[in-house]
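# Per-entry structural report
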Amino acid sequence: MHEMAIAESMLEIVEATARGNAAVRVSAIWLELGALSHVESHALTFCFDAVARGSLAEGARLEIVTLPGEAWCMPCGERVGLQRRGDPCPRCGSHQLEVVRGDEMRVKEIAIA
Amino acid sequence: MCTTCGCGHGDTRIEGVAADRSGDVHRHADGTVHAHAHEGEHGHSHTHAGELDHSPDDGASRHGQGGGLWYRRHLHGGSGSEPAAGAMGDLGAAHAAGMSPTRVVTIERDILAKNDEQARINRQMFADRGLFVLNLVSSPGSGKTSLLVRTIAALEGRVPVAVIEGDQQTARDADRIRATGAPAIQINTGKGCHLDAETVGRAFASLPPVQGGLLFIENVGNLVCPAAFDLGEAHKVVILSVTEGEDKPLKYPDMFHAADLLLINKIDLEPHVEFDADAAIDYARRVRPGLPVICLSATTGEGLAAWIEWLLQGAAAARAARDGDIEALRRRISELESEVARHANAPTA
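Everything quoted here is computed from the prediction, not taken from an experiment. (Residues numbered from 1 in each chain as written. Chains lettered and ligands numbered in written order. Predicted model: local features only at pLDDT ≥ 70, side-chain atom pairs only at ≥ 80, totals over all residues. Heavy atoms only, no water.)

## Overview of the overall build of chain B
Helices and strands together make up the secondary structure of chain B, namely nine helices and 11 strands. Expressed as a percentage of the 349 residues in chain B, the buried residues total 44%. For chain B, contacts bridging at least 24 residues in sequence account for 71% of all contacts bridging at least 6. (Helix = DSSP H or I, 4+ residues; strand = E, 2+ residues; numbered from the N terminus. Buried < 20%, exposed > 50% of the residue type's maximum accessible area, 1.4 Å probe, protein only. Contact = heavy atoms within 4.5 Å.)

Written out as structure tokens, the structure reads:
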């Protein structure tokens, strides 16, 4: 359940930015999470609700944008989509894949008042 | 604190002493009252009600979070990474008279940026000391501590060794390491499920100074959470024992993907268990193509030589890199000294 630590890091970023912009409340947070990242979005939402209690971001809505996973397939010599680590190349079935995209965990923007 | 699993930090202890996290999350009821200092001045007395058009840069109020501030109340088209249609309600409400306007601030910051920055600092600190640093990760019970004890004995003092031990509770593992004569420090994460870079940095500072050798960081036994946290190590080494299922690399792919070496431990028990080592290696290489593997037994010492050789090579490379840096620095100092001497000896006009 490392989502707790990730939620705490998230809150720290959100609160610092909100305070820096003289906000009194954060109403929404947009996150980008890669499909191959280390977090489970339901667990993160649950943990964030818990850590945000009593903060500027209490009750803020989390809008999670999932970014697709992508890998470089060595046999195919091209980029292919990858839904999970350990999956084979959807074109040739090889596991000789180098993940190139999909492990993002980013706070993109926040709505404040 | 997570109400489901109790996971989270705040209970971290290093050698039984509470670890201060002064940089931790501050909580405020409304953001208008806080006692701690911020970089840059900003007042909180204004409400911004109706002030939709003031300049984004009017605040010395920003903290350098990156990303400009702008008002997006008309800009959300609902496509791609744009907020979903549901966001329109809130943002539209910004126009209601007498209410604070809602505005959107771009951040674009990696959630783990703070941990990654501390990991970078740790990595530099380790490089300056010529240390080859390994982050040992596995399920509980794979034999990490027994392997370390056996490894330290097999190294026979050829290189200095120090150990940072991570567990939720007790100093048992650090005690076992110290019994070998190697310095060790125990981190108790309390409810935490993984080590982070900040805790490791502080634990390292509490260790007796160690140079030009090996530093092992034995992470909390957990095949999920430590995968996300860079501690500043040279490599994550994942340990899988034959008493576990050979399909663990497929079940826990993030950790096997993050690792640079797989140790298959307890191979002395292989005849007694249904563990298919070839399948385990195949599965591990599906998530991490080309992953090097060493099969060994911490109990009998079988296969240990390859592991020791790998460690000594890494330690020698880390030492050489540091010495190379020092040598380059010495050359530069000597160049500067001769330059100064030349100027000092130059005839004055």
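## Re the overall build of chain A
Helices and strands together make up the secondary structure of chain A, namely two helices and six strands. The N-to-C order of helical and strand elements in chain A reads α-β-α-β-β-β-β-β. Computed over its C-alpha atoms, the radius of gyration of chain A comes to 17 Å, more than 25% above the 13 Å expected for a compact globule of 113 residues. Referenced to the eigenvectors of the C-alpha coordinate spread, the extents of chain A come out at roughly 55 × 25 × 15 Å. In chain A, which comprises 113 residues, the proportion classed as buried is 65%. In chain A, 11 side chains carry a positive charge and 16 a negative one; their mean positions are 4 Å apart. (Rg over C-alpha atoms; globule rule 2.2 N^0.38 Å. Lys, Arg positive; Asp, Glu negative; His and termini not counted. Charge placed at Lys NZ, Arg CZ, Asp CG, Glu CD.)

## Some points on the packing of aromatic side chains
Residue and element names in this part refer to chain B. One pass over the structure, following the stated rule, counts four aromatic pairs over all chains. Taking 5.0 Å as the distance between ring centres and 85° as the angle between the ring planes, the aromatic pair formed by Phe-126 and Phe-204 counts as edge-to-face. Here the residue Phe-126 occupies a position in helix H2 (residues 113-128), and Phe-204 occupies one in helix H5 (residues 197-206), the gap between them amounting to 78 residues. Exposure class is identical for Phe-126 and Phe-204. Each is buried. (Phe/Tyr/Trp six-rings, centres within 6.5 Å; stacked < 30°, edge-to-face > 60°.)

## Let's talk about the sheet that holds strand S10 (residues 261-265) of chain B
All names here are of chain B. Strand order in this open sheet of nine strands is S2-S1-S7-S6-S8-S5-S9-S10-S11, and the pairing throughout is mixed. Every interior strand has two partners, whereas the edge strands, strand S2 (17-18) and strand S11 (293-295), have only one. By the bridge criterion, five bridges tie strand S6 (residues 161-167) to strand S8 (residues 214-218) in an arrangement that is parallel. Counted as the bridge partner of Glu-165 is Glu-218 from S8. Across the face of the sheet, H5 comes into contact with strand S1 (13-14), S6, strand S7 (184-188) and S8 while running at roughly 145° to S7. (Pairing = 2+ DSSP bridges. Axes fitted to C-alpha atoms, helices over the stretch in contact; angles between N-to-C directions.)

## Digging into the confidence of the model for chain B
Residue and element names in this part refer to chain B. Of all residues in chain B, 73% attain a pLDDT of 70 or more, and the chain-wide mean is 80. Note on residues 1-7: pLDDT under 50 across the span, and 17 contacts to partners over four residues away in sequence or across chains. A low-confidence stretch, residues 22-98 stays under pLDDT 50, and its non-local contacts, those more than four residues away or across chains, total 128 contacts. At the level of chain-chain contacts, confidence expressed as ipTM amounts to 0.90, with global pTM at 0.77. (pLDDT = per-residue confidence, 0-100.)

## Looking at the environment of Pro101(B)
Tracing the backbone through its elements, the reader meets Pro101(B) in the loop between helix H1 (87-92) and strand S4 (103-110). Overall, the relative accessible area of 4% leaves Pro101(B) in the buried class.

## Here's the deal with helix H9 (residues 304-345) of chain B
The end-to-end C-alpha distance of H9(B), which contains 42 residues, comes to 61 Å, matching closely the 62 Å that a straight helix rising 1.5 Å per residue would cover. Those residues of H9(B) that sit buried are Leu304(B), Trp307(B), Ile308(B), Leu311(B), Leu312(B), Gly314(B), Ala315(B), Ala318(B) and Arg322(B). (Expected span 1.5 Å × (residues − 1).)

## Some details on the pattern of salt bridges
Under the criterion given, the structure shown has 26 salt bridges over all chains. Measuring nitrogen to oxygen at the nearest pair gives 3.5 Å for the salt bridge that ties Asp110(B) to Arg106(A). Here Arg106(A) lies in strand S6 (residues 105-112) and Asp110(B) lies in strand S4, a pairing that spans two chains. The partly exposed category is assigned to Arg106(A), whose relative accessible area is 21%. Note that Arg332(B) is salt-bridged to Glu335(B), the shortest N-O span being 3.0 Å. Of this pair, Arg332(B) and Glu335(B) both sit in helix H9, three residues apart, which is roughly one turn of that helix. Judged by relative accessible area, Arg332(B) falls into the partly exposed class, the value being 45%. Owing to a relative accessible area of 43%, Glu335(B) belongs among the partly exposed residues under this scheme. What you see here is one network of salt bridges that share partners, running through Glu32(A), Arg106(A), Lys108(A), Glu108(B) and Asp110(B). (Salt bridge = Lys/Arg side-chain N within 4 Å of Asp/Glu carboxyl O.)

## Details of the nonpolar core
By size, the foremost hydrophobic cluster in this structure holds 35 residues, and its most contacted members are Val26(A), Ile29(A), Phe48(A), Val107(A) and Ile110(A). Only helix H1 (3-20), strand S1 (26-34), helix H2 (41-51) and S6 of chain A together with S4 of chain B provide two or more residues apiece to this core. Ranked by the residues each element gives to this core, the list is headed by H1(A), at nine residues. Once you skip the residues sitting within four places of it in the chain, Val26(A) turns out to touch Val14(A), Ala18(A), Leu56(A), Ala57(A), Ala60(A), Ile110(A), Ala111(A) and Ile112(A). In terms of nonpolar packing, the next biggest core, distinct from the first, is built from 30 residues, Leu155(B), Val159(B), Leu296(B) and Ile308(B) among them. (Core = buried A, V, L, I, M, F, W, Y, C linked by side-chain atoms within 4.5 Å.)

## What about the sheet that holds strand S5 (residues 97-101) of chain A?
All names here are of chain A. The three strands lie next to each other as S4-S3-S5, forming an open sheet whose pairing is antiparallel. If you trace the sheet from one side to the other, it starts and ends with strand S4 (78-82) and S5, each paired once. Each strand axis lies, on average, 40° off the axis of its neighbour in the sheet, ignoring direction. Judged from the four bridges that link them, strand S3 (residues 69-73) and S5 form a sheet pairing that is antiparallel. Looking at the pairing, Trp-72 lines up with Glu-98 of S5.

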